Amino acid sequence: MRVRIKATPPGEAPEHIRAAWVGLELPIARPWHGSQRAVGFGVLHGPKSLLGQWIAYFLGRGHTETGYIVDADQAVELLAAKSPQAAAWWREHAAGWIAPGRQLLFSADECEEIPEPEKAVDRYTFEFSGGRRQRAMIARALACDPQLLIADEPTTALDVTTQAEILDLIRRLQKAHGMAVMFITHDLGVVAEIADEVIVMYNGKVMESGPVDDIFHAPRNDYTKMLIGSVLKLERKAEIRLRRPPIPQDAQPVIEVRDLSMHFRSGKSTTKAVDGVSLSVLPGETLGIVGESGSGKTTMGRCLLRVYEPTGGRIAYRRADGSVVDLLSADKPTLRACRREIRMIFQDPVGSLNPRMTVAQIVGEPLRVAGLAEGKDLDDRVADLLAQVGLDPAWRERYPHAFSGGQRQRIGIARAIALNPRLVVADEATSALDVSLRAQMLDLMMGLQDRLGLSYVFISHDIGVIRYMCDRVAVMYRGKVVETGPTEQVCDAPTHPYTRALLSAIPRPDPRARSIHNRHRYAG
């Protein structure tokens, strides 16, 4: 069996696409309800995921032909334990069969490397990490022993080490089950690592298709060349950073963290999400925080704004007038004033924007709440902020659903800079974007940094993004900072074995240099 990849940025509509694998076409207007096995599909409309969904529908409706897996965070029902999930999937796709016993579920889970499957099968899905939830989705997709596995962005929300494990798992299962795989993704590094053939889509049309080596080393279409150029751009330091004068290392830090701890208690157990973290950020500097899921990156970032009440430590923030405030012991009025100078950009450009508010209301809310502007002055400030992030001010009366993912993230950035902050905490600000939009967003943030004198704490699991944008990087593992230093030093000559394992798990955008299946494992 071969792996076939469809590579395209999110939201591209597969419009007027036809394929006839054995000469049979099925029009959308007449869904296939008969007992025959559908082997083709007709005209499709909607985002690229619909391509996989319709194939799964036609090939798998009422049969055991097709397994379909997607982003586990959105697909797994939070109110159902894994056992009902897999059983429900079995009953739907194997009509007339007896519902499987628990032993069948155990064997499926064991295949997917979930520890203690006889216990895990009765747990709820919110008790699992992102990687384990994705394994549960794979187990469900394989419950009917499919001939075709359609994987729709199954690794998009995962860190590089968990992503590498999932890709290894899919490859092993493909060989064991003898099934074909259709892998839908916007990550060209993943495409280069696992694909045999590639289809590149744009604006609902197939721009180019062929063997993976031809696509990467001899692309014919301009759009394909642009995509590959965008991902290669993130393999090196940004030009805007290379031209900037060095940051004085003797400057007083904007924020200095010492022995920060954040422990979560549940019954008799305690989770040390952040465990003795120390770091500092200089004026105009970008400090990258990198690590796998569960390393404490996001928790640490939220502690900086005291969204969480840290268990211990010190967060010394230097205000514009030179005074130093310990954010952990600050009273409410002082903390409120400091939060005007420390803002946050959130990971999800969809979930972080209120769908009931217009863009003008979203961007203007910090100014209105702070009492800094109202009426025409507020409207003018909102228009100026939208212009700064590259959006047409005339769009400010629209609602978030009218914008693309990249445009929504720009709205989030406009909201973050509305109060002229000195420090911005960006939590996975580009992880939901495709590679071409990712580079644009990073360039935008660096341009704003230089114009407004911002400092960034940039949280990411994408080493390419860290390398492209950050001046220094701190590597976190299980709540601790295990390595810190200049970005080039940490990325090119890491000293800690965990950092080496993290770097070795990065998929390279070159099918001739596949390496993640032989990556370094860290057993600490």
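Residues numbered from 1 in each chain as written. Predicted model: local features only at pLDDT ≥ 70, side-chain atom pairs only at ≥ 80, totals over all residues. Heavy atoms only, no water.

**Details of the pairing of strand 10 (residues 269–281)**
Right, on to step 1. As judged from the 10 bridges shared by strand 9 (residues 255–266) and strand 10, these two strands associate in the antiparallel manner. By the bridge assignment for strand 10, Val257 is matched with Leu279.
Right, on to step 2. What sits between the antiparallel neighbours strand 9 and strand 10 is a turn of two residues, in which Gly267 has the positive phi angle 65°. (Pairing = 2+ DSSP bridges. Helix = DSSP H or I, 4+ residues; strand = E, 2+ residues; numbered from the N terminus.)

**Side note on the packing of helix 14 (residues 359–369) against helix 15 (residues 375–388)**
Right, on to step 1. Running from amino to carboxyl end, helix 14 crosses helix 15 at an angle of 115°, the nearest separation of the two axes being 9 Å. Between helix 14 and helix 15, the angle is such that the two are roughly perpendicular. For the crossing formed where helix 14 meets helix 15, the hand is right-handed. Contacts between helix 14 and helix 15 involve Val359, Ala360, Val363, Gly364, Leu367 and Arg368 from the former and Leu378, Arg381, Val382, Leu385 and Leu386 from the latter.
Right, on to step 2. Of the residues in the contact of helix 14 with helix 15, the class split is eight nonpolar, one polar and two charged. (Axes fitted to C-alpha atoms, helices over the stretch in contact; angles between N-to-C directions. Parallel < 35°, antiparallel > 145°, perpendicular 65-115°, else oblique. Left-handed = near helix turned anticlockwise from the far one by under 90°. Contact = heavy atoms within 4.5 Å. Nonpolar A, V, L, I, M, F, W, Y, C, P; charged D, E, K, R; others polar.)

**Considerations on the packing of helix 14 against helix 16 (residues 405–416)**
Right, on to step 1. Viewed as axis vectors pointing N to C, helix 14 and helix 16 meet at an angle of 30°, and their least axial separation amounts to 7 Å. Accordingly, the angle class assigned to the pair helix 14 and helix 16 is roughly parallel. Contact residues: Val359, Ile362, Val363 and Pro366 in helix 14; Ile411, Ala414 and Arg415 in helix 16.
Right, on to step 2. Grouping the amino acids of the contact of helix 14 with helix 16 by side-chain chemistry returns six nonpolar, no polar and one charged.

**Observations concerning a positive patch on the surface**
Right, on to step 1. Positive charge collects at one region of the surface, where Lys332, Arg336, Arg339 and Arg340 lie side by side.
Right, on to step 2. Tracing the chain through its elements places Lys332 in helix 13 (residues 332–339).
Right, on to step 3. Take Lys332: its relative accessible area is 67%, and that puts it in the exposed class. (Patch = residues over 30% accessible without salt bridge, like charges linked within 9 Å, V, L, I, M, F, W, Y side chains within 5 Å. Areas by Shrake-Rupley, 256 points an atom, 1.4 Å probe, with all protein chains shown as cover. Salt bridge = Lys/Arg side-chain N within 4 Å of Asp/Glu carboxyl O. Lys, Arg positive; Asp, Glu negative; His and termini not counted. Charge placed at Lys NZ, Arg CZ, Asp CG, Glu CD. Buried < 20%, exposed > 50% of the residue type's maximum accessible area, 1.4 Å probe, protein only.)

**Quick word on the side chain of Arg306**
Right, on to step 1. Secondary-structure assignment places Arg306 in the loop between helix 12 (297–304) and strand 12 (312–318).
Right, on to step 2. Side-chain polar atoms of Arg306 contact the side chain of Glu309, separated by 3.2 Å.
Right, on to step 3. The residues contacting Arg306, other than those within four sequence positions of it, are Leu327, Leu328, Ser329, Ala330, Leu335 and Arg339. (Polar contact = N/O pair within 3.5 Å; in protein donor to acceptor, adjacent residues only side chain to side chain.)

**Here we look at the pattern of salt bridges**
Where charged atoms from two side chains of opposite charge approach closely, those side chains can pair.
Right, on to step 1. Inspection of the entire model under this criterion finds 19 salt bridges.
Right, on to step 2. Ionic pairing is found between Arg241 and Asp450, a salt bridge with its closest N-O pair at 3.5 Å. Of this pair, Arg241 sits in helix 11 (residues 239–242) while Asp450 sits in helix 17 (residues 435–452), placing them 209 residues apart in sequence.
Right, on to step 3. Residue Arg319 is joined to Glu341 by a salt bridge in which the shortest nitrogen-to-oxygen separation is 3.1 Å. Of the two residues, Arg319 is situated in the loop between strand 12 and strand 13 (324–326) and Glu341 in the loop between helix 13 and strand 14 (342–345); the sequence distance between them amounts to 22 residues.
Right, on to step 4. With relative accessibility at 21%, the residue Arg319 sits in the partly exposed group.

**Digging into the confidence of the model for the protein chain**
Right, on to step 1. Residues with a pLDDT of 70 or more make up 73% of the protein chain, whose mean pLDDT is 77.
Right, on to step 2. The element-level mean pLDDT for the protein chain is lowest in strand 3 (residues 40–41), coming to 26, with strand 11 (residues 286–290) highest at 95.
Right, on to step 3. Of the regions scoring below 50 in pLDDT, residues 94–112 engages in 31 contacts with residues more than four places distant in sequence or in other chains. (pLDDT = per-residue confidence, 0-100.)

**Description of empty space enclosed by the protein**
Right, on to step 1. Throughout the structure, instances matching the rule amount to six cavities of 30 Å³ or more.
Right, on to step 2. Taken as a whole, the largest cavity holds about 420 Å³ of empty space.
Right, on to step 3. Tallied by class, residues from the lining of the largest cavity come to 11 nonpolar, nine polar and six charged. (1 Å grid on protein atoms, 1.4 Å probe; cavity = no way out; pocket = protein on both sides within 12 Å on 5 of 7 lines; lining within 4 Å. Points joined across faces, edges and corners; volume = space filled by probe spheres on them.)

**Focus: unusual backbone geometry**
Right, on to step 1. Positioned with a positive phi, Asn420 is a non-glycine residue whose angle comes to about 55°.
Right, on to step 2. Structurally, Asn420 is set in the loop between helix 16 and strand 15 (423–427).
Right, on to step 3. Positive phi values are uncommon outside glycine, yet Arg478 reaches one of about 50°.
Right, on to step 4. Residue position: Arg478 is located in the loop between strand 17 (472–477) and strand 18 (480–486).
Right, on to step 5. Given the relative accessible area of 54%, Arg478 is considered exposed.

**Points about the sheet that holds strand 15**
Right, on to step 1. In spatial order, the strands read 14-15-16-11-17-18; together these six strands make up an open sheet with mixed pairing. Two strands close off the open sheet at either side, each with one partner strand: strand 14 and strand 18. When the angles between neighbouring strand axes are averaged without regard to direction, this sheet yields 20°.
Right, on to step 2. The pairing of strand 11 with strand 17 spans four bridges and is classified as parallel. Counted as the bridge partner of Val290 is Val475 from strand 17.
Right, on to step 3. Most of the contacts of helix 20 (residues 497–504) go to strand 17, to which it runs at about 100°, and overall it touches strand 11, strand 17 and strand 18.

**Comments concerning the sheet that holds strand 10**
Right, on to step 1. If you walk across this open sheet you meet the four strands as 10-9-12-13, and the pairing is antiparallel. Here the strands that pair on one side only, and so sit at the sheet edges, are strand 10 and strand 13. Going across the sheet, the axis of each strand differs from the next one's by a mean of 25°, ignoring polarity.
Right, on to step 2. The sheet contact formed by strand 9 and strand 12 spans five bridges and is antiparallel. Each bridged residue has a counterpart across the sheet, and for Arg258 the counterpart in strand 12 is Arg314.
Right, on to step 3. In the packing of helix 12 onto the sheet, contacts are made with strand 9, strand 10 and strand 12, and the angle to strand 9 comes to roughly 115°.

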